[in-house]
Amino acid sequence: MTRSDAVPTLSPTPESVLPEGDSKLRRAATAVLGATAPETLGAPAEIAAILEKSRGRDYFLPDEDDAIRVRYARFLGTREVLLSVLESMESLAGRGDEAWQRQLPAFAVALTASFRLIRSAEAWVALAADSRKLRKKLDEADSRHGIPRKSFAHLYRADTKTSRRLLFRHAVEFFRSHRHDFAPLESDPPFSEILGQLDEESATIDLSAGRIWLERLRYRWFSYRRRHHSAWKKTVFEVFRQSGSVIADLRQPGIKSADAPKRVTPDLRQQALELARPGDVFVTRHDDAMSNLFLPGFWPHAALFIGSEADRAEMGLQFPVSFAGQLTDPICFLESKKDGVRLRPAEDTLAVDAFVILRPSLETAEIGEALGRAIGHAGKLYDFVFDFRCSDRLACTEVIYRTYHHCGPLEFELIETGGRWCLPAEELIAQALEQRFTVVATCGIGSGGLIKGRKAELALHATRTGL
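We now turn to the structure provided with this report. (Residues numbered from 1 in each chain as written. Predicted model: local features only at pLDDT ≥ 70, side-chain atom pairs only at ≥ 80, totals over all residues. Heavy atoms only, no water.)

### Side note on the nonpolar core
So, point 1. By size, the foremost hydrophobic cluster in this structure holds 52 residues, and its most contacted members are V283, L334, L358 and Y404.
So, point 2. It is helix 15 (residues 364-375) that provides the largest number of residues to this core, a total of five residues.
So, point 3. Discounting residues that sit within four places of it in the chain, V283 has contacts with W299, H301, A302, A354, F355, V356, L358, A425 and I429.
So, point 4. Residues L83, A113, L167 and F175 belong to the second largest nonpolar core, which totals 37 residues. (Core = buried A, V, L, I, M, F, W, Y, C linked by side-chain atoms within 4.5 Å. Buried < 20%, exposed > 50% of the residue type's maximum accessible area, 1.4 Å probe, protein only. Helix = DSSP H or I, 4+ residues; strand = E, 2+ residues; numbered from the N terminus. Contact = heavy atoms within 4.5 Å.)

In C-alpha cells form, the structure reads like this:
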C-alpha cells in the first residue's frame, strides 16, 4: 500500500479479542473516529455555496479561492491521518478471510477508515463533477496550504482503482457475514462506536460490480480530457513564455539611447523609500520597454512594497516563520517578473523611469493580513498567459489583486482583455482610486522629480488622460 491509495489494503490486527492494554490499537481507533467528523473530512456546504455564488463566471475570486484551499487542505491533512493509521494496521498482519478472522479489532478500524476515505473522496469528486473550474482549482499546487500539484487527479484515480474497490467489497462482505464475531467488542469503547459506524455504512453502500466499473470509466474519461487539455495548455504557455521573455528584454528603438540612465536616480529612490509604508503599491514604467506596445495605457507594471525590517517592526507586522530568513534587508518588495514571484531589493524593482505610489486606507491589522497572504505567493512562476483565473502562476498585477481583493472593504473586478480575464495596471490604478487608495507620490513624470500630495494626483491624472 502507498500513501496515494484512496482505498488502502484492509489490515487485520493481532487478536480477535483486543489484548488488554493494547494502546496502539486504541490510539488507532480513536484517531479514525476523530478523523471522521464531517467538518474535517467532508466536502462541506460552504464549497457548494461558493460554487453557487460564482455561477456565471469561470473563475473564483481570491477570497473564494482561499476558502476552497483551506477546506481542501484540511481534508487532505485528515486523509493523511487515516492513511497513516491504515499503514500501521497493515504492518500487523496480512490480508484475507483467515487473517481477518484472527485480527477483528484492527480489521474493524481499517474498514472504518476505508469507508471514510471512500465516502469523502466520492463527496469531493461529486462536488467537482459538474464544475471544471473547481476541478482545475483543486489540481493547482499551493505551497501555502501544502497542496501538491494534480492532487485531485491522484485522489480520483486512487479512489476508483478497480483492484482496491474489489478488495474493499470483499472486506465489507466479510464484515456482513461475520458480524456476530465482533460481539465481544461492542462493550469496549472506542470499538463499540467503530462497530456502530460500520453497521450503518455497510448497510447503505453500493458495492455492485456495475457501480465499480462505471466509476472507473468516469475517471478514465476525466483523465483523458485532463491530459489533452493539459498538453494544449502547456503548448500555449510555452509559446507565450518564449515570446514574453524575448519581449521583456527588448527596447523600443529611438526612445532613448542604449546607455541613457533611468530617470529614477538612487537619490530619488531613497526619497521614495522614506515615504513608503509596508502595503503600498508601486506602479512603474520603463519608457523604452517593448512590452509597452502590447499593454494599455501609460502604466504597465506593479509591485508590492513590504517594507524594510525596521518598517515592519514599527508597524508590528509579523510574517510566516518559513519566510523569516528571506525577509531581511535590503529586501523590501514582492514583485512578479519573468523570473517569477520573488522578494526583491529596491535597486531591482525601482530601476525604472517612472513610478507612482498608491496607499490603501486600511487598518494596520488588515495590512498585516494582506501582506501575510501576499508573501505566501513568493516562489511561484510568472504567468505569461495573464490568466488570473489560476493562482499557481501570477503576473505582476495579480500579486496586488490577490493581496487586496476582499481585504476590508476593497474589491477588484477582473476585466476581459484579449480573451483573458485579468487586471492591467491602468485598470488597477482606476479601481484603486475609486476605492480607498490614495496617491502618495509620483516620480519621473512632470518635472521628473519626486512629487507628493495633490500635485502627485494631478501628475498621475495627466498620464492617464494625456492632458
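Next comes the rest of the write-up.
### A word on the pattern of salt bridges
Any two side chains of opposite charge can pair, given that their charged atoms come close.
So, point 1. For the structure on display, the rule yields 36 salt bridges.
So, point 2. Residues R116 and E201 are paired through a salt bridge, measuring 1.7 Å at the closest nitrogen-oxygen approach. Residue R116 is located in helix 6 (residues 104-129), and its partner E201 is located in helix 10 (residues 191-204); the two are separated by 85 residues in the primary sequence. Assigned by exposure class, R116 and E201 land together as buried.
So, point 3. D339 is paired through a salt bridge with R344; the nearest N and O atoms lie 2.6 Å apart.
So, point 4. Residue class for D339 comes out partly exposed when judged on its relative accessible area of 36%. (Salt bridge = Lys/Arg side-chain N within 4 Å of Asp/Glu carboxyl O.)

### Some thoughts on helix 9 (residues 162-177)
So, point 1. Compared with the 22 Å implied by 1.5 Å per residue over 16 residues, the 23 Å span of helix 9 between its first and last C-alpha is a close match.
So, point 2. Turning to helix 9, its buried residues number three or more, namely T162, R164, R165, L167, F168, A171, V172, F174 and F175. (Expected span 1.5 Å × (residues − 1).)

### Regarding the packing of aromatic side chains
So, point 1. By the definition in use, this model includes 21 aromatic pairs.
So, point 2. Consider the rings of F75 and W124, whose centres lie 5.5 Å apart with planes at 35°: the pair is tilted. Remark: W124 occurs in helix 6 and F75 occurs in helix 4 (residues 62-90); sequence separation between them is 49 residues. No difference in accessibility class separates F75 from W124, as the two residues are buried.
So, point 3. Following the ring pairs from residue to residue traces out a cluster consisting of W100, F107, F174, F175 and F182. (Phe/Tyr/Trp six-rings, centres within 6.5 Å; stacked < 30°, edge-to-face > 60°.)

### A closer look at the pairing of strand 1 (residues 281-285)
So, point 1. In terms of burial, strand 1 is largely enclosed, as five of its five residues are buried.
So, point 2. Burial along strand 1 is two-sided: the residues V281, V283 and R285 and F282 and T284 are all buried.
So, point 3. With four bridges connecting them, strand 1 and strand 2 (residues 301-305) associate as antiparallel partners. When the bridges of strand 2 are listed, V283 appears paired with A302. (Pairing = 2+ DSSP bridges.)

### Some thoughts on the packing of helix 6 against helix 10
So, point 1. It is the contact of helix 6 with helix 10, at a shortest axis distance of 10 Å, that shows an interaxial angle of 50°. Between helix 6 and helix 10, the interaxial angle falls into the category oblique. Here helix 6 and helix 10 pass one another in a crossing that is left-handed. Within the contact between the two elements, helix 6 uses P105, A108, V109, L111, T112, F115, R116 and R119 and helix 10 uses F191, I194, L195, Q197, L198, E201, S202 and T204. (Axes fitted to C-alpha atoms, helices over the stretch in contact; angles between N-to-C directions. Parallel < 35°, antiparallel > 145°, perpendicular 65-115°, else oblique. Left-handed = near helix turned anticlockwise from the far one by under 90°.)

### Let's talk about the environment of T204
So, point 1. Within the element layout of this structure, T204 appears in helix 10.
So, point 2. Given the relative accessible area of 55%, T204 is considered exposed.
So, point 3. At a separation of 3.3 Å, a polar atom in the side chain of T204 contacts the main-chain carbonyl oxygen of E200. (Polar contact = N/O pair within 3.5 Å; in protein donor to acceptor, adjacent residues only side chain to side chain.)

### A few points about the sheet that holds strand 11 (residues 450-452)
So, point 1. What the seven strands build is an open sheet, ordered 4-3-2-1-5-10-11; its pairing is antiparallel. Only two strands of the sheet have a single partner each, and these edge strands are strand 4 (340-345) and strand 11. When strand polarity is set aside, the average angle formed by the axes of neighbouring strands in this sheet is 25°.
So, point 2. Of the strand pairs in this sheet, strand 1 and strand 5 (residues 354-360) are connected by five bridges, and their pairing is antiparallel. Bridge pairing links V281 to L358 in strand 5.
So, point 3. Of the strands in this sheet, strand 2, strand 3 (331-337), strand 4 and strand 5 touch helix 15, which is tilted by about 120° from strand 2.

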